[in-house]
Amino acid sequence: DKIAITYLTDGDPDGAPVRLTYRELRQRATQIANLLHSYGLGPNDVVLFLLPTVPQLYTLLLGSLACAIPCGINWMLKPAHVIELIRASKAKVVVALGPTPGYEIWENIQASRSEIPDGVRLLTVPGPGGAVLPNSDLDTRAARQPDDRLTFHRDVKPDDLAALGHSGGTTGSPKLGKL
């Protein structure tokens, strides 16, 4: 029940923080893992995300690790590079910050929506002062899943791919490294 995450939505150290306990972190990560599994994802499937440092970044990362392969990329990339990485990773799910003042993530996703391969599911996370999109909201969808146990079993082997890491792209187009 100790605090795992303290998040200041407006950056004001005197503002009211959002806090998650370790128990809540585990429960939300479990729900996300179960949600991803319910979408048919497994150990060889990629969940690509474009998120700044919001609490869902951590719950999604942990939930993705339990079910699939997480791939966090630089949320400041322009649409052409985002599409390139979605295709290169063969992502089955993309999670992006929804419409949020001060961020272009949602606008960049929308600008390239027609180029996202068919079958890729798009989920959203509201940012500070941003809009909740009920039909694609990660937290809303995950909340329907059990939080006390995984609904699947995964055998992890020493040579399994754990995650894809995004390179900076300073010498050309961004690339993905296997971890």
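Along each chain, the written sequence defines residue order, and numbers are assigned to residues from 1. Per-residue local features of the predicted model are confined to residues with pLDDT of at least 70, and side-chain atom pairs are confined, for both listing and counting, to 80 or more; whole-chain, interface and lining totals are unaffected and use all residues. Side-chain measures here rest on the full set of heavy atoms in the structure, leaving out hydrogens and waters.

Some details on the overall build of the protein
Thinking step 1. Within the protein, the secondary structure is distributed over five helices and eight strands.
Thinking step 2. Starting at the N terminus and ending at the C terminus, the protein contains elements arranged as β-β-α-β-α-β-α-β-α-β-α-β-β.
Thinking step 3. C-alpha atoms define the radius of gyration, and 2.2 Å times the number of residues to the power 0.38 defines the globule rule. What you see for the protein is a C-alpha radius of gyration of 16 Å, in line with the 16 Å of a compact globule of 179 residues.
Thinking step 4. Overall, the protein is about 45 × 40 × 30 Å in size when its C-alpha atoms are taken along their principal axes.
Thinking step 5. Across the 179 residues in the protein, those meeting the buried criterion constitute 43%.
Thinking step 6. For the protein, contacts bridging at least 24 residues in sequence account for 67% of all contacts bridging at least 6. Where helices and strands are cited, they refer to DSSP runs of H or I of at least four residues and of E of at least two residues respectively, numbered from the N terminus. Burial here depends on accessible area, computed with a 1.4 Å probe over protein chains only, as a share of the maximum for the residue type. Under 20% is buried, over 50% is exposed, and the range in between is partly exposed. Working rule for contacts: check all heavy atoms of both residues, and any pair within 4.5 Å makes them a contact.

As for helix α2 (residues 55-67)
Because an α-helix packs 3.6 residues into every turn, residues spaced three or four apart end up facing the same way.
Thinking step 1. The length a helix should cover is 1.5 Å for every residue beyond the first. Over its 13 residues, α2 extends 19 Å from the first C-alpha to the last, a length consistent with the 18 Å expected when each residue adds 1.5 Å.
Thinking step 2. Restricting attention to buried positions, one finds in α2 the residues Pro 55, Gln 56, Leu 57, Thr 59, Leu 60, Gly 63, Ser 64 and Cys 67.

Regarding the pairing of strand β5 (residues 91-97)
Thinking step 1. Summarising burial for β5: six of the seven residues are buried, a large majority.
Thinking step 2. Summarising the sheet, strand β3 (residues 46-50) and β5 pair through five bridges and their orientation is parallel. Following the sheet pairing, Val 46 is matched in β5 by Ala 91.
Thinking step 3. Here, strands pair whenever DSSP counts at least two bridges between them. For β5 and strand β6 (residues 121-125), the ladder comprises five bridges, and the chain directions are parallel. Counted as the bridge partner of Ala 96 is Thr 124 from β6.
Thinking step 4. For a crossover, the right-handed case is the one in which the path from the first strand over the helix to the second runs clockwise, viewed with the strands pointing away from the viewer. What joins β5 to β6 is helix α4 (residues 105-111), and the crossover it makes is right-handed.

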